[in-house]
Each structure stands twice: as C-alpha cells, then as structure tokens.
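Tertiary structure, described
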Amino acid sequence: MHYAPRRWFWAMLLSSLWAQTGRLFLKVVSSENRPMPYARVETSEGTYTTDSAGRLLLTLPAGRARLRISHIEGYPLETEVWVQAGATTPLTLSLRAREVRTDTLTIQSEKAKPTDLSERPFLQPIPIRTEALPTMPSLKPDLESRLVLMGAHSTNEFSSQYRVRGGNFDENLVYAGDVEIYRPFSARSGQQEGLGFVNPLLIEEAFFSTGGFEARYGDKLSSVLQITYKRRAQPQRIVELGLLSQSIAFIGKKGGVYYAVGGRRFAIGYLLNTLPVKGQYRPVFYDGQAYLSWSRFREDQEKWRIDFLTTGLLNRYRLFPQSGEATFGLVNFALRVNLYFAGAELLRYNTGQTALTLTHRPSARLRLSLIGSFFQSLEDELIDTEGAYLLGEVQTSLGSSLYNEVVVLRGAGSQIRHARNYLDISTGYLAHQGEWAWDPNLRHRLLWGVRGQYESFRDRVYEWSAIDSADYVRLDERYFWDQRLMNRRLMGFVQQSFRWSRWRIEAGLRAHFAGNNRQLLLTPRLQVLYQPAPRLQYRFGAGFYAQPPFYRELRAIDYRLIPTLRAQQSFQVVSGVDYTFTLWGRPLKYFAEAYYKYLWDLVPYEIENVRLRYYGANLARGYAYGLDMRLNGEFLSGTDSWFSLSLLRTREKPGELPWMRRPSDQRISFAFYFQDELPTNPLYKVNIQFVFASGMPFGVPRQLERRTVFQMPFYNRVDLGLSRVILFSEGRWMRSLWVGIDVFNLFQRYNVVSYQWIADVYGVRWAVPNYLSARLVNVRVIGEF
C-alpha cells in the first residue's frame, strides 16, 4: 500500500521531464530537394550527423533552439526553430548548392534529380531517388522488377525481365559503369529466375533509356539500363531482413580504396505456396557483388583510376509438385481441370562475371580507358515428372444443389516429361574507350571505342515428353543434341558531341562484325536536343539499330544452334519533350515521347512464361509505334511519386503469311506509384503502386501462323506498403531502423501468365490458364549502422 504513491511520484516526475523537452524530426535537402546524406548538425546539446537519407531525430529542450547545418555540397545554414514540448516537430531545411569544381570530363558531379531536366537527356534518370528504392514494395530486392513502373512492361511479378516498346526480354542492355552485364539464360518460368542484377543497396545512380540511345551503347534493339556504384568515404552498413529476402551491404573507404560489397538471399517457398499448383517448393537464390575503386590524384586532378567489379549468382530451384486445380470459362459455361503430379524438378544456375577497368587522364581534356571482362554461366535442368488431369464441366446454375461441382467429365489424360539439359557459356572481351574535349571551351567532345569479344557455347540437350490424351499416346517433344559453338566479334563506335547555348547534337556510327555469320553491320545514329527555356527540352532521335544473335536467338525452337543466323535490324525515330514546372508549390516533371520502329530480318518467337523460343530463321519484317507519357514529382515534399501511361501497337509479317500481332503487342499499360505520410508524424509512411496492362496475345504453341490469335485477360495488380522509420541519436550503434509491411496483390487478382493446352474426348483442345501469385503479406526491416 506504500508503493502506489511512489509510482504516482515517479510518473509525475517523468511526465514533467518529458514536458520540458521535445523532439525535432529534421530532414536536410539541397536546393533541388535532394536528400543530403551525412550533413553535420550543431546544436547547444552537441553535434550530430544525418543518415544516408538526410534524416535526423533530435531531442532538445522545449522552446527556442539554434541549429547550424553544414555539408560539403552546400553552403552552411544557421537558423532558429521552436521545439514544442512533449511533441515531435517535423522540419525540412534546404541548403543552397555549393559549386564544386571537379575534373572537366566528369559527366555529372551531382546525382540526377527526378524532377530536374537531365544532363543526359538521351538516357533519363529513373523517377525516384536511389535511396528510396529499397523501401518500395517489391517481391524481389532488385531494380529490374520495379522498372515496370518506370516505362518498361512486364506482367509477371516473379520475373525481373521486362519488355520495352514492343521488344522482348533479350533486347535490353544493362551496364555497370562501362561494363556490359550478362545474366543466366535457361529459366522457363519467373519463379525459377531468381534475382535481377541490380542491388538497390549498392547503387548511387540509375539511368534508363527506352529507345533512341546513343552509338556508344551496344548492339540491342530496345533499351539501356546503366547504373553506377556508391563511391563514398563515409562508412555505411545496411542490413535488410524479410520473410522473402535478406540483404547486407558494406559501403565506405579504407586505405584509399572505395568499396561497395553486398549479398542477397531470396527464398520464395512461402510465396510459391500461394500458387494453384501445390507441392513442396524449395527455391533459394544467392547473389554477391563487390565493387572496388582506387584513384590517384596529381595537382587536384584524377590521373589514374582502377575499378574492379565481381559478381556471382547461385540459383537452386527444387520442386516436388503434387496437385493443382484451375477453373476457367464463362459465367454460364465453365470447365475445371484437376491436376495430379509425381516426380521432381531441379534447376541449378551458377553464374559469375568479373571486370577490371583502368582509366588514365593524361590531361584535363583527355580520358583513356581499358576494360577487360569475363563471364561464365553453368546451367543445369534435371526434370522427371509425370502428371495426370481430369477435365470436366462445372455446374454454373446458382439454384442447383451441385453448384460449382463437376457434373460432366469431358476428358482425361497424362503427360511425362524428362530432361537432362546442360548449358555452359563463357564470354570474354577486351575494350578500349576514349573521350577528348577538343574544343578549348570544353563544349564539343569526341568519343570512341573498340572491343574484341570471344564466346564459347556448349549445349547438351536430352529432353522428351509424351502425352496420353483423348485415347491416343504420342511423343510431344523429342530433342537430343550435343552442340558446341565458338564465335568472335569485333565492334566499335565513334561519336561526336556538339554543345551550343540551346542546342546539343550527338552524332555517331557503330560497327559490328561477327565471325559466325560473316556479317558487317554499320548503324549510324543521331540525337538532337533543343532547350528554348530553362525548364523545357525537346528531343529528337533517329538511327539504325541492330541486334546480332547471341545464344538464345541462335537456339531454334527444336534446340538446334543456327550459327549463320543474321542480325535483327531496325530503323527508329523518336521525338519527345521534357517539361518541369511547379504546381501547388511542388516540383513536377512531365515526360512524353512518341516513337516509330521499322524492323526487318526478324526472328519470330513465342513466349512460354518467361522463356523465349525462337524459330531459328530471319523470316519476318514488322513495325512498332506508340506513345509513352509520365508525370513524376513531389506531390508530397521530399517524396517521389509518378503516373505513367504507354500506348503501343506492333505487328509482323513472317514470310508469305499475313500481318499478325507480335507476342509483345500489349496495347495499353498504366502504372502509378504514390507515397504519403502522416501530417503529424512524417516517420509513418504509406505507399501504393498500381499496374494495369491489357492482355498479351497467345496461341497454339509451335505453330507460327496461330501463336498470337488469342488474347489473355488484362493484368491488374495493387501492392500496398506501410512503414515506420525509427531514428537513433548520435553515438548509438545504429543510425536508423525502417520497419515495413508489404501487402502484395491487395485485391486478390488472379492474373494469368501462360496457358497449357489439353484435349477432351471430342478432340477439342482447351487452353488451361496458369495463374500468378495470390495475396501475400511480407514483413521487412532495414537497419543502417
């Protein structure tokens, strides 16, 4: 009975102390509203440092407080603020940018701002700060799977592959700095694919071009994604833990060497249990990357620089399928397929790439680089499965006692699949690149490059499948090959850049010669930029683009390698506008681009989930045209949101056949990503992303004239993210902790990814849909140390 007064006394004392202090949630940004990491904040209570996103949580005496903020990229700022007792007060302070003179040949000294006109107008920055990428709702901890919100197209949340403007998955370039990146080739479905290349925790900048790119970039038809790694002296340690993935990253500088090292683990057995096909899913994917950079300066100029990059990917996908069910059809006529399985699938992908770049600057106007890279991939597919199905009509009458039950059996059958496939790929190249600012005012520059490349493929295929359907048994597919192929390539480019007050012109020529088909390709390209006002840019691009065949294009639909296959080619015209403006006091940017492509020497293909199967011949010509639009900006101060809309039409004419839709003919797609926060406490945030896309064409497999005669249902998906940021005081072992809950497929939309064809007793073939994931909840935490 004596403890109650004591508890009352201590409660009153703590309440009194809390009432004498308040918390200040500070965010330091540049004049362009870009977060300024590791800014120095001085108060009467001590000196503190913001985290990598420019945030800091301070506990200060209530009343008037004086702050002094400084950063290497901005002029110091001194200000007085009022701290409310017993409350958290949000405050954003902007530092005026300081001009920092660096090497005159550096393209850009600051990170690209999503709402600014880009200094690289023909390779646009992604519409979100890279610091915010890890907190976006996504099944995978990579960047590629998020590009569907930024101008690319994908209707498979399991996959990191994407299409751009009527192209396919194989038509996209990925660069880490100046190093071209390769990835595995054998995945048949998105759940087998694993992680995309880009680790969001390690990158400093990301640029993406959806067409009309310059001659300096390689020989593909559709897009370029280029990233740069973090190169920071301030140590940064990041750990991400979630139900689906785990990541770790170490960034900093030691002994004069910058480093960015990270690893990821992606295990989706929990996710795959939401699929209609039930069984034991045991997939696990590992990824490791290490980037090291060393520079030597003389007279405050970087004379020598060495960049080393090594990446490794280890994929293990094991599936023991057991059963499945799918219902499809109309409101008044529905069919149901019950599936039963035995056996197992095992897929192993071991992939690695190592690159070394040596850069020398003899003068402030000349840069010379030497790049060496080696890539190897060992991919095994071991499949032994037997499946049986029952196909029946479903009672659709609501008044029937057998409603939603199978009332008529229409067919039964079985399938056996056996595969022992082994693919070994090795690729190495040595390249030289240079840049010379020949104009005394450094306005005009000449760029050049030459590259020699060697490729080796060994493809061992032992695969067959048998079908027992509608009272007959037949071998559906039967392939036995042991093939070797070696190839040498020589490629190069020259590009001249002109800059005047309002004009910028990039004119270049790219050359490519391949030893396997003895084909010489010359592809001139031109890009023009006109900027009549500080906030307005007009762009125009035209040129020839060619895609010499690599492994997947060389492999025909019957698994034969066709070494004499010619390059697919196109002529592209692009015209666009960038306009930045302020609305409701918020910076916004409008992007629009119209394009037309004429294509020839096309190799027709069909899509099976994410696997492309080419027909092994340059049979077709075609075209694609459309319009891309995007509005991005800070609808809420300090956060990035956007809306994007794409319209597309693409068709092709294979040989003497009539014009038909290409497999990538997705007429309309719309996406938005929006962030919000509590006005009274900005540490609580919510973000929502929405993707809508019209249906993809599909048809009867391995029949060229009928592969795109039908259309899938539209794709529709909503993902929701809820999060809380916890900031710790200076001197603690942890800087910040981000806690988030992601709800994927919020409205439980059953999207279709592909179809499986079966026959009933009447000889009618039915397309049975394969569905993607259902609703799923994921919990993640990201700690910064």
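As the structure is a computational prediction, the values presented were derived from the model and not from experiment.

Another point: the overall build of the protein chain. Looking only at helices and strands, the protein chain has 4 helices and 41 strands in total. The C-alpha atoms of the protein chain give 28 Å as radius of gyration, which agrees with the globular expectation for 785 residues (28 Å, within 12%). Here the C-alpha coordinates of the protein chain stretch approximately 85 × 85 × 45 Å along the principal axes. Restricting to contacts in the protein chain with at least 6 residues of sequence separation, those with at least 24 account for 66%. Counting every atom, the protein chain has about 32,900 Å² of accessible surface; 58% of that belongs to carbon and sulfur. Looking at the protein chain, you have 96 positive and 73 negative side-chain charges, and the mean spots of the two groups are 3 Å apart.

Residue position: R780 is located in strand 41 (residues 776-784). Accessibility expressed as a relative area gives 3% for R780, which makes it buried. Polar contacts involving the side chain of R780 include one to the side chain of D742, which spans 3.0 Å. With residues up to four places along the chain from it excluded, the contact list for R780 reads P134, T135, M136, P137, E240, L241, G242, W738, V739, G740 and D742.

Reading across the sheet, the 4 strands line up as 3-2-5-6 and stay open at both edges, with antiparallel pairing between neighbours. In this open sheet, the two strands that pair with only one neighbour each are strand 3 (46-49) and strand 6 (74-83). This sheet shows a mean twist of 25° between the axes of neighbouring strands, independent of strand direction. Looking at chain direction, strand 5 (residues 63-71) and strand 6 are connected through 8 bridges and run antiparallel. Its bridge partner lying in strand 6, L67 is registered against T79.

Below, the discussion takes up the pairing of strand 34 (residues 684-693). Two elements, strand 33 (residues 668-677) and strand 34, share 9 bridges in a ladder whose sense is antiparallel. Following the sheet pairing, Y673 is matched in strand 34 by Q689. In this antiparallel pair of consecutive strands, strand 33 and strand 34, the connection spans 6 residues. Across 10 bridges, strand 34 lies against strand 37 (residues 715-727) in antiparallel orientation.

By the definition in use, this model includes 48 salt bridges. Here R336 makes a salt bridge to E325, at a shortest N to O gap of 4.0 Å. Taken together, the residues span a long stretch of sequence, with R336 in strand 18 (residues 334-363) and E325 in strand 17 (residues 301-329) at a distance of 11 residues. Look at R336 and you get buried, because its relative accessible area is 9%. We classify E325 as partly exposed; its relative accessible area is 44%. Notably, a salt bridge pairs D424 with R460, separated by 3.3 Å at the nearest N-O pair. Separated by 36 residues along the polypeptide, D424 in strand 20 (residues 406-436) and R460 in strand 21 (residues 445-469) bring together distant segments of the chain. For D424, a relative accessible area of 25% puts it in the partly exposed group.

What follows is about the sheet that holds strand 12 (residues 223-229). Taken in spatial order, the 5 strands line up as 8-11-12-9-10 in an open sheet, and their pairing is mixed. Each edge of the open sheet carries a strand with a single partner, namely strand 8 (124-125) and strand 10 (179-180). Strand direction decides the pairing type here: strand 9 (residues 172-176) and strand 10, joined by 2 bridges, are antiparallel. Following the sheet pairing, Y175 is matched in strand 10 by E180.

Here we come to the nonpolar core. Core analysis: the biggest nonpolar cluster contains 69 residues, and L143, M150 and I227 have the highest contact counts within it. Leaving out residues up to four positions away in the same chain, I227 has contacts with L143, Y175, A176, G177, F197, V198, I203, E205 and A206. Membership of the second largest hydrophobic core comes to 20 residues, among which are L561, I562, V610 and Y614.

For N517, the location among the structural elements is in the loop between strand 23 (503-514) and strand 24 (519-533). When the C-alpha positions of N517 and N745 are compared, they lie 47 Å apart, and in sequence the two are 228 residues distant. The contacts of N517, once residues within four sequence positions are left out, are P549, P563, T564, L565, R566 and A567. Within the local environment of N517, its side chain forms a polar contact with the backbone nitrogen of Q519, the two atoms lying 3.1 Å apart.

Okay, the confidence of the model for the protein chain next. Mean pLDDT for the protein chain: 87, with 93% of residues reaching 70 or above. Per-residue pLDDT stays below 50 along residues 8-19; that stretch engages in 6 contacts with residues further than four places along the chain or on separate chains. Counted against residues more than four places away or in other chains, residues 99-110, with its pLDDT under 50, gives 25 contacts.

What follows deals with the packing of aromatic side chains. Each aromatic ring pair is described using two quantities: the centre-to-centre distance and the angle formed by the ring planes. Counting across every chain of the model gives 35 aromatic pairs. Here the aromatic rings of F544 and F571 are separated by 5.0 Å at their centres, their planes lie at 50°, and the arrangement is tilted. Of the two residues, F544 is situated in strand 25 (residues 536-547) and F571 in strand 26 (residues 568-583); the sequence distance between them amounts to 27 residues. For F544, a relative accessible area of 33% gives the class partly exposed. Given a relative accessible area of 28%, F571 falls into the partly exposed group. Summarising the aromatic geometry, the rings of F544 and W600 are spaced 6.4 Å apart at their centres and angled 75° between planes, so their arrangement reads as edge-to-face. Note that F544 is positioned in strand 25 and W600 in strand 27 (residues 586-602), a separation of 56 residues in sequence. Taken together, the ring pairs in this structure connect F635, F643, F670, F672, F674 and F690 into an aromatic cluster. Over the face of the ring belonging to Y429 we find R451, whose NZ or CZ atom lies 3.8 Å from the ring centre. When the ring centre of F714 is taken as reference, the NZ or CZ atom of R749 above it lies at 4.2 Å.

Tracing the backbone shows S295 in strand 16 (residues 278-298). A distance of 2.3 Å separates polar atoms of two side chains, one belonging to S295 and the other to R231. Of note is the side chain of S295, whose polar atom sits 2.6 Å from the side chain of E302.

Conventions used here
- Residues numbered from 1 in each chain as written.
- Predicted model: local features only at pLDDT ≥ 70, side-chain atom pairs only at ≥ 80, totals over all residues.
- Heavy atoms only, no water.
- Helix = DSSP H or I, 4+ residues; strand = E, 2+ residues; numbered from the N terminus.
- Rg over C-alpha atoms; globule rule 2.2 N^0.38 Å.
- Contact = heavy atoms within 4.5 Å.
- Areas by Shrake-Rupley, 256 points an atom, 1.4 Å probe, with all protein chains shown as cover.
- Lys, Arg positive; Asp, Glu negative; His and termini not counted.
- Charge placed at Lys NZ, Arg CZ, Asp CG, Glu CD.
- Buried < 20%, exposed > 50% of the residue type's maximum accessible area, 1.4 Å probe, protein only.
- Polar contact = N/O pair within 3.5 Å; in protein donor to acceptor, adjacent residues only side chain to side chain.
- Pairing = 2+ DSSP bridges.
- Axes fitted to C-alpha atoms, helices over the stretch in contact; angles between N-to-C directions.
- Salt bridge = Lys/Arg side-chain N within 4 Å of Asp/Glu carboxyl O.
- Core = buried A, V, L, I, M, F, W, Y, C linked by side-chain atoms within 4.5 Å.
- pLDDT = per-residue confidence, 0-100.
- Phe/Tyr/Trp six-rings, centres within 6.5 Å; stacked < 30°, edge-to-face > 60°.
- Lys NZ or Arg CZ within 6 Å of the ring centre and 35° of its normal.

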